[in-house]
Amino acid sequence: MKDLTAADIMKKNVVTVKEETTVEDLARLLSKHKISGAPVVNDNNQVVGIVSEGDLVSLDADIHFPHYVQFLDSVIFLESTKKFEERVRKAAATAVADIMIADVITVQKDTPAHEVATVMTDKRVNRLPVLDGDILVGIITRADLVRAISGR
């Protein structure tokens, strides 16, 4: 695996979605292709987000109001309301744009495979879009790395 690059181990036929794809269509697509996530691309095939089964599952999760105390005429939250606001936004989602993660971790096609493995481990991601400049050319999953390590 020492001399391999992202281009050597990536899948070239990437299942992608658009921001306007409905969450229902996303669920069908992930199920049909037996994949757990997909890059979100614009019309120029540039990655603008990533979406996963976890993002879909969170739509059905219970929303818990943050703990607070009331003091005089004020409400003081004991935890950040940012996560609560994010969950409410996702619970009301109808399109991929509402649930995707916009800050996508990517690698370039010439990134050495050991660096790809390091990024996946350090950033705790299961899939990495592979770019040539700013254009999507492939995707690498943990399973692809395991295949590369095994020499298959």
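Scroll up to find the structure this text is about.
What counts, and where the lines are drawn
- Residues numbered from 1 in each chain as written.
- Predicted model: local features only at pLDDT ≥ 70, side-chain atom pairs only at ≥ 80, totals over all residues.
- Heavy atoms only, no water.
- Helix = DSSP H or I, 4+ residues; strand = E, 2+ residues; numbered from the N terminus.
- Buried < 20%, exposed > 50% of the residue type's maximum accessible area, 1.4 Å probe, protein only.
- Contact = heavy atoms within 4.5 Å.
- Areas by Shrake-Rupley, 256 points an atom, 1.4 Å probe, with all protein chains shown as cover.
- Lys, Arg positive; Asp, Glu negative; His and termini not counted.
- Salt bridge = Lys/Arg side-chain N within 4 Å of Asp/Glu carboxyl O.
- Polar contact = N/O pair within 3.5 Å; in protein donor to acceptor, adjacent residues only side chain to side chain.
- Core = buried A, V, L, I, M, F, W, Y, C linked by side-chain atoms within 4.5 Å.
- Arc of directions from axis to C-beta.

A. The overall build of the protein, seen in detail. A count of helical and extended segments in the protein gives seven helices and seven strands. Secondary structure of the protein in N-to-C order comes out as α-α-β-β-α-β-β-α-α-β-α-β-β-α. In the protein, buried positions account for 30% of the 152 residues. Considering only contacts within the protein whose residues lie at least 6 apart along the sequence, 56% involve residues at least 24 apart. Accessible surface computed for the protein: about 9800 Å², of which carbon and sulfur atoms make up 51%.

B. Representation of the environment of Ala 148 within the structure. Mapping Ala 148 onto the fold places it in helix H7 (residues 142–150). Placed 140 residues apart in sequence, Ala 148 and Asp 8 show a C-alpha to C-alpha distance of 8.9 Å.

C. Looking closely at the side chain of Arg 127. Of note, Arg 127 is situated in strand S6 (residues 127–132). There is no salt bridge for the buried Arg 127, and the closest opposite charge comes from Glu 53, which lies 6.0 Å off by N-O distance. Within the structure, Arg 127 has its side chain in polar contact with the side chain of Ser 36 (distance 2.5 Å).

D. Structural view of the nonpolar core. Counting residues in hydrophobic clusters, the biggest one holds 13 residues, and the most contacted among them are Val 116 and Ile 140. Elements represented by at least two residues in this core include exactly helix H1 (6–9), helix H6 (113–123), S6 and H7. No other element matches the three residues that H6 contributes to this core. Non-local contacts of Val 116, meaning those with residues more than four positions away in its chain, are made with Ala 6, Val 107, Thr 111, Leu 128, Ile 140 and Leu 145. In this structure, Val 23, Leu 26, Leu 56 and Met 100 belong to the second largest nonpolar core, which totals eleven residues.

E. Inspection of unusual backbone geometry at higher detail. Positive phi is not limited to glycine here, since Asn 45 has a value of about 60°. Here Asn 45 shows up in the loop between strand S1 (37–41) and strand S2 (47–52). Even without glycine at this site, Arg 124 takes up a positive phi of about 55°. Mapped onto the elements, Arg 124 comes out in the loop between H6 and S6. Take Arg 124: its relative accessible area is 74%, and that puts it in the exposed class.

F. H7, seen in detail. Three or more residues of H7 are buried, namely Asp 144, Leu 145 and Ala 148. Take H7 and look down its axis: the buried residues cluster within an arc of 100°, on one side only. Exposed side chains of H7 directed beyond 90 degrees from the buried face belong to Val 146 and Ile 149. Gly 151 lies just past H7 and shows a positive phi near 85°.

The values are spatial; any link to function lies outside them.
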